[in-house]
Amino acid sequence: MRVSKQTNNPLAATRYFFQGVGLLMRPELRPFLLMPLLINFLIYAVALVLGYHYMDELIRHFIPAWLNWLNWVLWPLFFICFFIAGFFTFTVVANILAAPFYGKLAAKTLALVSGNNAVTVAELPVAKVMAAELKRVLYLATRALPLLVLFLIPGLNVIAPFLWALFGAWGMALEYMAFPLENAGFLFPEQKQLAKDMRLGSLSFGGITMMGLTLPVVNVLVAPAAVIGATLYIKAVQEQ
């Protein structure tokens, strides 16, 4: 695909995300939203409940009564860590489980905005799709771990949050653009190259998605909105 300045524009990229939010309530898309929303809600709810339970056990076991005042520090720290971890851990897991539904949501979105119910979706071999998905997960994991280590290194930990935010935006762009691109027959190597070709737009789209995923409760709606927005974005790139 050829990338123009217009589609690589950060403002244009974020606009597609908000257009995705606007299309969430379209009756034509509702049948494709229920299962992804349920999967996201269950994963975040279970993770939060289990995390709260084990965090409470750790505090009770290791923090003596005379240090109870530390609860005011530890609990906010727990919730901050939970939402940071959610960017990749829970989001990637939820996307893997919801991938078949997100693919259909992307296809229906394209049919809706194109006015063509006979939109062709590439029928890729399952083995190739799974191999491409694994490549994306490994790509993100092998880059996330060194960034997490930076938080532990004095001096470098000052820039670690900024690098993590930048990588988070990049990762979210790769995650959600994957669904419409796979429908068009592009697997991870081609997806990554396209994201690089429109780097500013990709980072802007991924950044606004990442910020939405940090918002409690609202984040279960952000994922399908990002799939819809990414579909609109990729359609614009294809049509330029």
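Look above for the structure.
Residues numbered from 1 in each chain as written. Predicted model: local features only at pLDDT ≥ 70, side-chain atom pairs only at ≥ 80, totals over all residues. Heavy atoms only, no water.

A.B. asks: Would you take a moment to explain the overall build of the protein chain for this structure?
C.D. replies: Secondary structure summary: the protein chain contains 8 helices and 0 strands in total. Counting from the amino terminus, helix and strand elements in the protein chain follow one another as α-α-α-α-α-α-α-α. For the protein chain, buried positions account for 44% of its 240 residues. Summarising the internal contacts of the protein chain: among those between residues at least 6 apart in sequence, 82% fall at separations of at least 24. Split by element, the accessible area of the protein chain, about 12900 Å² in all, is 72% carbon and sulfur. (Helix = DSSP H or I, 4+ residues; strand = E, 2+ residues; numbered from the N terminus. Buried < 20%, exposed > 50% of the residue type's maximum accessible area, 1.4 Å probe, protein only. Contact = heavy atoms within 4.5 Å. Areas by Shrake-Rupley, 256 points an atom, 1.4 Å probe, with all protein chains shown as cover.)

A.B. asks: Can you help me understand the nonpolar core in this one?
C.D. replies: Generally speaking, nonpolar side chains in soluble globular proteins are found buried as a group. Core analysis: the largest hydrophobic core is formed by 39 residues, its most contacted members being Y176, M177, F205 and Y233. Among the secondary structure elements, those contributing two or more residues to this core are α1 (10–23), α2 (34–62), α3 (71–114), α5 (160–183), α7 (199–213) and α8 (219–239). With 12 residues, the top contributor of residues to this core is α8. When near neighbours in sequence (up to four residues on either side) are disregarded, F205 contacts A13, Y16, F17, Y176, M177, A226, G229, A230 and Y233. L140, L150, W164 and W170 belong to the second largest nonpolar core, which has 14 residues in total. (Core = buried A, V, L, I, M, F, W, Y, C linked by side-chain atoms within 4.5 Å.)

A.B. asks: Hey, could you run me through the packing of aromatic side chains in this one?
C.D. replies: Summed over all chains, the structure comprises 7 aromatic pairs. Here the aromatic rings of Y102 and F179 are separated by 5.2 Å at their centres, their planes lie at 65°, and the arrangement is edge-to-face. Of the two residues, Y102 sits in helix α3 while F179 sits in helix α5, which places them 77 residues apart along the sequence. Overall, Y102 belongs to the buried group, its relative accessible area being 0%. Residue class for F179 comes out buried when judged on its relative accessible area of 3%. Here a set of aromatic residues connected by ring pairs shows up, and it is made of Y16, F17, F18, F205 and Y233. Positioned over the ring face of W170 is R199, at 5.8 Å from the centre of the ring. (Phe/Tyr/Trp six-rings, centres within 6.5 Å; stacked < 30°, edge-to-face > 60°. Lys NZ or Arg CZ within 6 Å of the ring centre and 35° of its normal.)

A.B. asks: Looking at this structure, I do not really get the side chain of E175. What am I missing?
C.D. replies: Secondary-structure assignment places E175 in helix α5. Side chain to side chain, E175 and R136 meet in a polar contact 3.5 Å long. (Polar contact = N/O pair within 3.5 Å; in protein donor to acceptor, adjacent residues only side chain to side chain.)

A.B. asks: Explain the packing of α5 against helix α6 (residues 188–197) here, please?
C.D. replies: Helix-helix packing: each pair is described by the crossing angle between the helix axes and the interaxial distance. With their axes 10 Å apart at the nearest point, α5 and α6 run at an angle of 120° to one another. One element, α5, and the other, α6, form an angle in the oblique class. With respect to the hand of their crossing, α5 and α6 are arranged in right-handed fashion. Facing W170, L174, A178, L181 and E182 of α5, the residues of α6 in contact are F188, Q191, K192, L194, A195 and K196. (Axes fitted to C-alpha atoms, helices over the stretch in contact; angles between N-to-C directions. Parallel < 35°, antiparallel > 145°, perpendicular 65-115°, else oblique. Left-handed = near helix turned anticlockwise from the far one by under 90°.)

A.B. asks: Before we go on, may I ask you to explain the pattern of salt bridges in this structure?
C.D. replies: A side chain of one charge can pair with a side chain of the opposite charge when the charged atoms of the two come close. This structure, assessed with the given rule, holds 2 salt bridges. Of the charged contacts, one joins R136 and E175 as a salt bridge, the two residues approaching to 3.5 Å between their closest N and O atoms. Placement of R136 in helix α4 (residues 126–150) and of E175 in helix α5 is noted, with a sequence separation of 39 residues between them. When sorted by exposure, R136 lands in the same class as E175, which is buried. (Salt bridge = Lys/Arg side-chain N within 4 Å of Asp/Glu carboxyl O.)

A.B. asks: For this particular structure, what's the right way to read a nonpolar patch on the surface?
C.D. replies: Side chains of L145, L148, V149, F151, L152, I153, L156, V158, I159, F162 and L163 sit close together on the surface and give an oily, nonpolar patch of about 1000 Å² of accessible area. Mapped by element, the contributors of at least two residues to the nonpolar patch are α4 and α5. No other element matches α4, which puts 3 residues into the nonpolar patch. Looking at where I159 falls in the secondary structure, it is placed in the loop between α4 and α5. Relative accessible area serves as the criterion here: at 41%, I159 is assigned to the partly exposed category. (Patch = residues over 30% accessible without salt bridge, like charges linked within 9 Å, V, L, I, M, F, W, Y side chains within 5 Å.)

A.B. asks: Explanation requested: the environment of Y44 in the structure shown.
C.D. replies: Mapped onto the elements, Y44 comes out in helix α2. Classification of Y44 by relative accessible area gives buried; the value is 8%. Residues Y44 and V220 lie 176 residues apart in sequence; the distance between their C-alpha atoms is 8.3 Å.

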